[in-house]
Amino acid sequence: MAVVTHSHDLIPSEITPPEVARPRLLVLAVSLVSAAMAMGFVGLLSVYIAQRADVISTGERWLPDGVDIPLTQPNFMGVTLAFSVITIWWALYAVRKNDNGNAYLAFALSLLFGFAFIAQTAYLFTIMEIEIAADPRGVLFYAIIGTHIVMMIAAMMYAAMTALRTLGGDYNSRQFEGVLSMAIFWTVTVALYGVMWYVIYIMK
Amino acid sequence: MAAVSGAPGATPTTIDGWLGVSDHKPVGRLFIGGGVLFLVTSLVLALVASYESVDGLGFQIARDPDEFTQIWSLSRELMIFGGLVPILLGIGIYLVPLQIGASSLAFARGAAGAFWTWLLGAGLLIVDYLLNGGPGGGRGDFVVLWAASLAMMVGAIIWGLVILASTVLGARTIGMTTERVPFTSWSYFVFSLVGLFSLPITLAELLLAALNIRYQHLPIEQSEVLVGVLDGVTRAPAIYWLTIPVLGMAVDMIGVHTGVPVRLHRTVMALLTVFGLLTFGPHLVGMASIRTIDYNNAVLVLGLLAVVLPVLGTLALAGDSLRSGSISVNPALAGALLSGLLLLAATLVQLLGLVEPIMGFFDSLFPDSVDMTNSLVLNGTTFHEAVTALVVGAVVVGVIAALQHWSSKLFGRSSAASPALFAIALAAAGSVIWAVGELAAGIADQPQYPELVDTSEGSLQVFGVVATIGVALLLGAVAVIALGLVGSVVSRKPAGSSGDTWSGTTLEWAAPSPPPLGNFPAPPVVVSATPLAHGELAYDGLRSESGGSGSGDAESEDAESAPAEPGDNTRDEEG
């Protein structure tokens, strides 16, 4: 950095010039990444919808023979994720209030809901009985659901890292950009589940 | 103004330094250098593919049709994701922080990570083809690896675009409101947004392609159909996405070289934005299958018609500067104009593809009045390659002009004008000749995809020869750039050691050449879109002897603070 000479007596004669404040760069970047991620996911769903329409237009059934997608598990998965959105924003609220006790509790609950969601998805896989190798439709199911699980795992890792940084004192009422960006990423991931829930589990 | 001082440029000297380089300028140079290398490679492959499609008696270089498909496919992938996009990204990473008065790129180490990931992906892509992978490949595992390596390249580019967009959104200097962002930076912002909203769809298609090959739903014998995976990027109007920053740079360059900044700043920004929007979305529909207009593809047809207007509008406003300013022939101005005209030609040629669907539409309305047997049927033919050739030409010419225009910022020395002019002429002529050959072959019904090519007809061979000559000329132009870049890098000067050749009015011309680490001695303060035009530039927290007046609270500043005299590091006063 350039060295700047100041004339004021009380200020050291040589200081480095201040950086321009760059508010919310991380929030901006994470929002853009979330948008890109959403576009990729919507692209997958578009292929699913187009192929489903093609099959149905021939008078055939979309789901392969012997495959049934129950609605109970997807609904509970949705409820679980809805709770996780509440807890993740609760974490942000607590960090902004310097209420670390509540923040840790909120982070822990969010991660717990995330694990519960993945466990329920794994269980759903076992009862759906869609073979990825037996039918091209299996590729679509597992590509879409698998991509969402990867997003969820990324969101959980981000949340865990944010929780650790909060524990380390990096985030507080004045510096909470990291928590906000994590909450945005988590919320977008959950919102995408909502779209997937309708397209895959409701429309089937 | 007094020469601004700053820390010396920080070009890394160790391997770990290069891996985690935190200054945007070395990262930008890496992207440009790597991109040019792969662009040369892609054009050599395109030359081979074009030559093979001329020959009607059997393959000369490729051993079979599958290998021909692989060469064609690799050339196309390397041209877009190995060459043109990384070069544009590199110029943006280097230039955008300077233009918006930022001391660095947002997430500069992230940009370095994007470069190394992209380079690894590009290397894997080539290795994968050598091991009989990719579209037309015969080994399933390597076709899956093809999808993974291409996804790695595209993912790295998306991350680079996120960083660029975040920089424009969040790292602008004091006083630089959105409407004061220079054209180049604004066009990069639009380019980034369109790219990061459309490229993830390509990632999704690559994922499905890999899974279908892995689980044998797509037999490996039919892997050549995977060449269509990139249609969402390489067909019009999506292919115009590559020219968004070229158009923005052209407007900036024309303003500098005529001495009259392009007027109606916000109108030009709006036109660039509209152009960007029109390059997005409709491509999802796919052009090749359109035989008549219906409600499914009406948006695409309207988009293809409308995309001509913002290009025409932008060029018209830039033309006003040409009319009222002083013109001296130099590579940057010639390149800026030619790149705009090539882009306009591409959008106009693409309109020929609408003849069939429009006639089909009228045929459905008035079946007795329209004779479809006389319709020009181009969709699905090499006509698409003609549009691509013009777009590639526009980007290559624009890049040569940009490298010439900003050479003092990039390398600390002015590039020689004669080789640059020669390269621009070669690239423009090459792309036009290539396009003419492909268009003529398309009119003669030669299909676009290599596995369908049949060049047994004599007339098609002539068109193929014409296209091959065009590709060879374009390759020659890029080779000239590559040699010039090597010379520039070898004789690159240290930060702040050079003068500028031009008198620009945007912030990058206020920084030393080449800019040091941190770019500016203090955050610049701007009050207009052309802060160097009227001596309006100041630096926040700097006294006059350091280069500008304090400005964050200008009223309370020391009375000794003199108005800024920006950009006096050897620039003359005409700007």
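A brief structural summary. The structure presented is a predicted model; accordingly, all values stated were derived computationally and were not measured.

Bringing the overall build of chain B into the picture now. Each helix and strand counted, chain B has 17 helices and 2 strands in total. Buried positions account for 60% of the 575 residues belonging to chain B. Restricting to contacts in chain B with at least 6 residues of sequence separation, those with at least 24 account for 79%. Of the roughly 19800 Å² of accessible surface on chain B, 64% is carried by carbon and sulfur atoms.

It is worth spelling out the nonpolar core at this point. Where a protein is soluble and globular, its nonpolar side chains tend to be buried together. Grouped together as the largest cluster of nonpolar side chains are 174 residues, with contacts concentrated most on Phe81(B), Ile91(B), Trp146(B), Tyr240(B) and Val396(B). The element contributing the most residues to this core is helix 3 (residues 65-99) of chain B, with 19 residues. Residues within four places of Tyr240(B) in sequence aside, it is in contact with Phe275(B), Thr279(B), Val307(B), Leu343(B), Ala346(B), Thr347(B), Gln350(B), Val387(B) and Val391(B). Among the nonpolar cores identified, the runner-up in size contains 62 residues, and Ile130(A), Ala183(A), Met196(A) and Leu208(B) belong to it.

This part is about the packing of aromatic side chains. Residues and elements named next belong to chain B. Per the counting criterion, the structure on display carries 17 aromatic pairs over all chains. Ring geometry for Phe-31 and Trp-118: centres 5.7 Å apart, planes at 45°, overall tilted. Of this pair, Phe-31 sits in helix 2 (residues 24-54) while Trp-118 sits in helix 4 (residues 108-130), and the two are 87 residues apart along the sequence. Its relative accessible area of 0% is what places Phe-31 among the buried residues. With relative accessibility at 0%, the residue Trp-118 sits in the buried group.

Moving on: the environment of Gly398(B). Residue and element names in this part refer to chain B. Following the sequence through the fold, Gly-398 ends up in helix 14 (residues 383-405). Along the chain, Gly-398 and Leu-342 lie 56 residues apart, while their C-alpha atoms are 9.8 Å from each other. The residues touching Gly-398, leaving out its near neighbours within four places in the chain, are Val-246, Met-253 and Ser-339.

In this section: the pattern of salt bridges. A complete count under the given rule lists 8 salt bridges over all chains for this structure. Of the charged contacts, one joins Arg165(A) and Asp170(A) as a salt bridge, the two residues approaching to 2.9 Å between their closest N and O atoms. Among the residues examined, Asp170(A) registers a relative accessible area of 36% and is labelled partly exposed. Ionic contacts of the salt-bridge type, sharing partners, join the residues Arg76(B), Asp231(B) and Arg235(B) into one network.

All names here are of chain A. In this model helix 5 (residues 177-202) runs 36 Å from its N-terminal to its C-terminal C-alpha over 26 residues, within 8% of the 38 Å that 1.5 Å per residue would give. Most pronounced at Met-196, the bend in helix 5 amounts to some 30°. Following helix 5 by one or two positions, Lys-204 has its phi on the positive side, about 60°.

Here the focus is the packing of helix 8 (residues 244-258) of chain B against helix 11 (residues 308-324) of chain B. All names here are of chain B. Two elements in contact, helix 8 and helix 11, have axes separated by 9 Å at closest approach and are oriented at 10°. Between helix 8 and helix 11, the angle falls in the class roughly parallel. Packed against helix 8, whose contacting residues are Leu-247, Val-251, Ile-254 and Thr-258, the element helix 11 presents Thr-314, Leu-315, Ala-318, Ser-321 and Leu-322 at the interface.

Attention now goes to the packing of helix 2 (residues 72-96) of chain A against helix 5 of chain A. Residue and element names in this part refer to chain A. Contact geometry for helix 2 and helix 5: axes closest at 10 Å, N-to-C directions at 165°. Relative to helix 5, the element helix 2 lies roughly antiparallel. Where helix 2 crosses over helix 5, the two elements pack in a sense that is left-handed. From helix 2, Pro-74, Asn-75, Met-77, Gly-78, Leu-81, Ser-84, Val-85, Ile-88, Trp-89, Leu-92 and Val-95 reach across to helix 5, where they touch Val-179, Leu-180, Met-182, Ala-183, Ile-184, Trp-186, Thr-187, Val-190, Tyr-193, Trp-197 and Tyr-201. Residue classes in the contact of helix 2 with helix 5 are distributed as 18 nonpolar, 4 polar and no charged.

Definitions and limits used
Residues numbered from 1 in each chain as written. Chains lettered and ligands numbered in written order. Predicted model: local features only at pLDDT ≥ 70, side-chain atom pairs only at ≥ 80, totals over all residues. Heavy atoms only, no water. Helix = DSSP H or I, 4+ residues; strand = E, 2+ residues; numbered from the N terminus. Buried < 20%, exposed > 50% of the residue type's maximum accessible area, 1.4 Å probe, protein only. Contact = heavy atoms within 4.5 Å. Areas by Shrake-Rupley, 256 points an atom, 1.4 Å probe, with all protein chains shown as cover. Core = buried A, V, L, I, M, F, W, Y, C linked by side-chain atoms within 4.5 Å. Phe/Tyr/Trp six-rings, centres within 6.5 Å; stacked < 30°, edge-to-face > 60°. Salt bridge = Lys/Arg side-chain N within 4 Å of Asp/Glu carboxyl O. Expected span 1.5 Å × (residues − 1). Bend = angle between axes of the 7 residues up to and from the residue. Axes fitted to C-alpha atoms, helices over the stretch in contact; angles between N-to-C directions. Parallel < 35°, antiparallel > 145°, perpendicular 65-115°, else oblique. Left-handed = near helix turned anticlockwise from the far one by under 90°. Nonpolar A, V, L, I, M, F, W, Y, C, P; charged D, E, K, R; others polar.

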